[in-house]
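Geometric and topological summary
Chain by chain, the residues:
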Amino acid sequence: MIDRVLDATRGKVDGGGADALWRREEQTAVAFESGRLKSAGISEQAGLNLRVLASGRMGVAGTTAAKPDPVELVGRARASAELGEIVDLAFPTGAASELPRIPTFFDRTASASLDDLIRMGRLLVERLSRPDCQVNVSVQREVADTAVGNTAGARGEYRATGIAVTADLTRIAGDDVLMVYDQYVGADMPGDADLETLVRSVETRLTAALKVVTPPDGALPVVFTPAGLAAVVLPLEQALSGKTVLQGSSPLAGKVGETMFDERLSIFDDPLTPGRPASRPIDDECVPSRATGLVERGAVGRFVYDLETAARAKTQSTGNGRRGVFGKPHIGYTNILFRGTDGAHGAHSAVLGGGLIGDIDEGLIVDDLIGVGQGNVISGAFSHPVGLAYRVQRGEVTGRVKDAAVAGNAYELLKRIGGFGSDGRWLGSRFSPSLLLEGVSVAHR
Amino acid sequence: MKDRLAAAVKQSRAGYTEIRVERTWSSTVAFRGRRLETATVSEDQGGFVRVLNEGCGWGIASFTSLDELPAMVARANDLSRAVRLDDPIRLAETAPEVADAILELDGDVRGISLSYKKKLLDRYNSAMLAVSDAIVDTQSSYRDEVSEVWYVNSEGASLYELRPEVVVSGTAIGRRNGNIEKGLESIGLRKGWNSVQNFENRFRVVAQRAVDLLDAPRVRGGAYPVILDNELAGVFIHEAFGHLSEADFVYENPQAREMMTLGRRFGKPALNVGDNGAAQGLRGTLPYDDEGTPTQDTPLIREGILVGRLHSRETAAKLGERPTGNARAISFRHPPIVRMTNTYIAPGKTGVGFNDLISDIKLGVYACGAFGGQTMLENFSFTAGWGYMIRDGKVAELVKDVVLAGNLFQTLDRIDHIAGDFTWNQMGGGCGKGGQFPLPVTEGAPHVRIEAALIGGDV
């Protein structure tokens, strides 16, 4: 398919070239609602995305048609290019592309039957059921085939699997609504130990949340769990994107090599992490995958680029090109990993706070915030009510707090990290431990 | 197409079968700063099958290859039969509708060349950039679509709908001395090309606000009397209350049902709330939902008392209530779930204005515009675009980082004054739920006063 479409661009792009991505995805999902299996579904989708460089101008076109007409697609991409900007973009050649080896396909995941998925969901429902709670569980498996290619001769193809198991518990007592949620996401099927970890994680956070206590007040030490950390990581992700840097809106622009954060902080983007659904041997623009140091020992490392932003910034793509069926390729992170924090991974995985609360006299553990990503994210400033948070007094969790909001600035808070938890874990495509951050504003009514 | 779908439904061996097929033509233009990001035309198409068998669960299939339709109906049936249920799923009765519903296109976007769309957006984008040197970046987008939807089910419903949509949005980013602020304008309409002309000034205003916010102090966190402007009041009622009124939250959950018992007092007698999918010409408006049920105006709170909720056919049957036409899916890739349409706080007394609401406030916050909102059941958060302090009954200095957090029950009960200056706010973007985003919705409200609400910020 890719070859047919690329062939159709020959003689139509004034020597400029083209690249394309074809992807076919098959999903199977089962959903348990309030403890009952309610639905089973499949989804089969295929689509093709084409980019052309015609007379130096870039244009794109996409289609989900079952049998796309290459000539029509090329025509649409050319019409798009007529309005497009001039980009000095060079498509990677195939010559250098001895692709890194990374297993993305797990036969166990691909061949799991509908009954296997139902059994796994049912096991979780049974383990998590309790009289005063509603349990929802969903299991979703995906098999995706990806092919990328360009007119400079580069080609890449891989097959990938992914499975996501999510469980949420809702407990309503009077007007108090408590929701606890966790997930397993991987390329390979979860083992018994993974499911056990999921159950214990939900149970631990539920048990500690049953008692509601008044929130503390003031500038306090706050432990952000891997889930609660989203509000702190999001500004960094935006600021480290080559696009924001080019645009002049990144507060980290011009700071490469400068120590901006605690020297124990290292963050990588790594598409070659085994067993992760976001891992891949090649990006969606034919650039072979490799790891990128975003923050290294507290210093700003590299910004991430796709082909277009790299060309504009006169640098190399970091292999962070991502594209869907529609629209042009853009920058996307793969797996984000917090590295080099000494804590043994998982040693405190079922302990709230990851072993960081022992010395906290008065503070909070934040596990979920409401409205992350809504505000002026890139400025680093955040202010969110807590979705799920616990009060810490004299080194111990004393209960759940409600009606409280936390605020701070991510860049400031990460300058002095009070501690790294020993509870490092994956959450979606991010691996991190809990972080203890000092002087976070906590407001309550 | 209807005949093709009817034939596939006829061949289905399931107790209940529905098929939805969509073909969407869309074009997109985007600028980042002075640079054109993209200008493209796309065509997306696919189908969705959902079946139900007695004593079994839902079997669902979605697909991009329409040639596979008969095979997908059979697979959905197999999936349904794999899901055994003791307590069967019932669907509330609805009269099977047969209709062609063509919404007004107001300038068919398919007949306008992409270069005109680029020029229009360029004007709005340039209007923002021209406001000040402090505007260092913009993100502007134009998107239009015309979606053809066919819906057929085994009860005899047969619908064809033509649904247009057009959205113009712009974000202006101001930067000075390391401070970064943004201003956001977004216009989303279920109409066409003619309806998005001559908005330069609205884009200028938000860019100027981003510049003004650079010098504004952060609001000091704490509890204040808060006035919400029309836009934010609309977002508030959608986020804080609307989601709880979606019956899929309560229908399988006895405790939730108790919390949301009809007849419960939710607010003072001044408070009236509803959801109207049949309102004329709004972005959340559709003649039929994605189960073929006609849309309607559904009262949710009347004089402070909970009187209704939003239903799909399944939730309505379970609760012994009537379907309200709120089963919606963002595309053929998803099943219909209970969603809002055009959600509103009804206006208070005619003639009651903003000044009547602030005159007796000694220290308060006037929260304006919305960057977004999210609920976690009874807790919600929404981020205002900007705000002003209210001092001694008057609007005072501009403040930034105004985030409202609160508990639904307490906050609704603290709405003590509602102005008569109702407006619908038709924005782009949309609502997200269950992995389905963005769903076109509209919110409407007058100015609303909350006696005391928690504002996050510096402590």
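Residues numbered from 1 in each chain as written. Chains lettered and ligands numbered in written order. Predicted model: local features only at pLDDT ≥ 70, side-chain atom pairs only at ≥ 80, totals over all residues.

Moving on: the sheet that holds strand E25 (residues 442–445) of chain B. All names here are of chain B. Judged by pairing direction, the sheet is mixed, and its 6 strands sit side by side in the order E11-E10-E9-E14-E25-E22 without closing on themselves. The sheet terminates laterally at strand E11 (305–306) and strand E22 (423–425), the two strands that pair on one side only. One ladder, built from 3 bridges, connects strand E14 (residues 342–345) with E25; its direction is parallel. Counted as the bridge partner of Asn342 is Thr442 from E25. Most of the contacts of helix H5 (residues 230–241) go to E25, to which it runs at about 115 degrees, and overall it touches strand E9 (273–276), E14, E22 and E25. (Pairing = 2+ DSSP bridges. Helix = DSSP H or I, 4+ residues; strand = E, 2+ residues; numbered from the N terminus. Contact = placed C-beta atoms within 7 Å. Axes fitted to C-alpha atoms, helices over the stretch in contact; angles between N-to-C directions.)

Our next topic: helix H1 (residues 2–9) of chain A. All names here are of chain A. Every buried residue of H1 is accounted for by Val5, Leu6 and Thr9. Projected down its long axis, H1 carries its buried residues within an arc of 95 degrees, all on one side. Exposed and oriented more than 90 degrees from the buried face of H1 are Asp3 and Arg4. Residues of H1 that are buried in the fold lie against strand E1 (18–33), strand E2 (36–54), helix H2 (70–83) and strand E4 (133–150). Gly11, located one to two residues past H1, shows a positive phi value of around 80 degrees. (Buried ≥ 20, exposed ≤ 12 C-beta atoms within 10 Å, placed from the backbone. Arc of directions from axis to C-beta.)

Residues and elements named next belong to chain A. With 5 of 6 residues buried, strand E18 (residues 404–409) lies mostly within the body of the structure. Sheet analysis places strand E16 (residues 381–393) next to E18, joined by 5 bridges and oriented antiparallel. Following the sheet pairing, Pro385 is matched in E18 by Ala405. In terms of strand pairing, E18 meets strand E22 (residues 435–444) through 4 bridges, oriented antiparallel. The residue bridging Ala405 from the neighbouring strand is Ala443, located in E22.

Quoted interface sizes are often the accessible area lost when the parts come together. Tallying the contact residues gives 72 residues for chain B and 62 residues for chain A. Broken down by element, the side of chain B that touches chain A gets its largest block of residues, 11 residues, from strand E2 (residues 35–52) of chain B. One ladder, built from 6 bridges, connects E2 of chain A with strand E3 (residues 58–63) of chain B; its direction is parallel. When the bridges of E3 of chain B are listed, Ser39 of chain A appears paired with Trp58 of chain B.

Right, let's get into the domain arrangement of chain A. Residues and elements named next belong to chain A. The assigned domain composition of chain A is domain 1 (2–209) and domain 2 (212–444). The C-alpha centroid of domain 2 is placed 22 Å from the C-alpha centroid of domain 1. Listed as interface residues are 41 residues of domain 1 and, on the opposing side, 36 residues of domain 2. Broken down by secondary-structure element, the contributors of at least two residues to the side of domain 1 that touches domain 2 are E1, E2, strand E3 (57–63), E4, strand E5 (155–173), strand E6 (176–186) and helix H5 (192–209). In terms of residues, the side of domain 1 that touches domain 2 owes the most to one element, H5, which gives 7 residues. Taken together, the residues that form the side of domain 1 that touches domain 2 break down as 20 nonpolar, 14 polar and 7 charged. (Domains from an automatic or database assignment. Nonpolar A, V, L, I, M, F, W, Y, C, P; charged D, E, K, R; others polar.)

Attention now moves to the pairing of E3 of chain A. All names here are of chain A. The buried count for E3 comes to 7 of 7 residues, which makes it a mostly enclosed element. Residues Arg57, Gly59, Ala61 and Thr63 of E3 are buried on one face, and the alternating residues Met58, Val60 and Gly62, pointing to the opposite face, are buried as well. Bridge count for E2 against E3 is 7 bridges, and the pairing is antiparallel. By the bridge assignment for E3, Leu48 is matched with Thr63. From the end of E2 to the start of E3, which pair antiparallel, there are 2 residues, and Ser55 there has a positive phi angle of about 50 degrees.

This paragraph deals with unusual backbone geometry. A cis amide bond links Phe437 of chain B to the next residue, Pro438 of chain B, at an omega of -5 degrees. Of note, Pro438 of chain B is situated in strand E24 (residues 436–439). Although it is not a glycine, Asp403 of chain A sits at a positive phi angle of roughly 50 degrees. The residue Asp403 of chain A is located in the loop between strand E17 (396–401) and E18 in this model. Although it is not a glycine, Glu303 of chain B sits at a positive phi angle of roughly 45 degrees.

The next thing to look at is the packing of H1 of chain A against H2 of chain A. All names here are of chain A. Relative orientation of the contacting elements H1 and H2 amounts to 55 degrees, with a least axis distance of 9 Å. In this view, H1 runs oblique relative to H2, as classed from their interaxial angle. You can see that H1 and H2 cross each other, and the crossing is right-handed. For the pair H1 and H2, the contacting residues are Arg4, Val5, Ala8 and Thr9 in the first and Pro70, Val71, Leu73 and Val74 in the second. (Parallel < 35°, antiparallel > 145°, perpendicular 65-115°, else oblique. Left-handed = near helix turned anticlockwise from the far one by under 90°.)

Moving on, we get to the nonpolar core. Counting 254 residues, the largest nonpolar core has Leu50, Leu364 and Ile365 of chain A together with Val226, Leu404 and Ile455 of chain B as the members making the most contacts within it. The residues touching Ile455 of chain B, leaving out its near neighbours within four places in the chain, are Val219, Gly221, Gly222, Tyr224, Val226, Val365, Val402, Val403 and Leu404 of chain B. (Core = buried A, V, L, I, M, F, W, Y, C linked by C-beta atoms within 7 Å.)

Moving on to the environment of Gly107 of chain B. Residues and elements named next belong to chain B. Positionally, Gly107 belongs in the loop between strand E4 (98–102) and helix H3 (114–129). A count of 17 C-beta atoms within 10 Å places Gly107 in the partly exposed class. Note: C-alpha distance between Gly107 and Ser195 (88 residues apart in sequence) is 7.9 Å.

Residues and elements named next belong to chain B. On domain assignment, one finds that chain B holds domain 1 (2–214) and domain 2 (222–456). Here the C-alpha centre of domain 2 lies 22 Å away from the C-alpha centre of domain 1. Of all elements in the fold, only strand E1 (16–32), E2, E3, strand E5 (135–153), strand E6 (158–176), strand E7 (179–189) and helix H4 (200–214) reach the threshold of two or more residues within the side of domain 1 that touches domain 2. Across the side of domain 1 that touches domain 2, the residue classes break down as 15 nonpolar, 8 polar and 12 charged.

Residues and elements named next belong to chain A. With mixed pairing, the 6 strands of this open sheet are ordered in space as E11-E10-E9-E14-E21-E20. Each end of this open sheet is capped by a strand with a single partner; those strands are strand E11 (299–300) and strand E20 (425–427). Across 3 bridges, strand E9 (residues 266–269) lies against strand E10 (residues 292–296) in antiparallel orientation. Residue pairing for E10: Phe268 is matched across the bridge by Gly293.

Moving on, we come to the confidence of the model for chain B. For chain B, mean pLDDT is 94; residues scoring 70 or higher make up 99% of the total. The ipTM value of the predicted complex is 0.90, and its pTM value is 0.92. (pLDDT = per-residue confidence, 0-100.)

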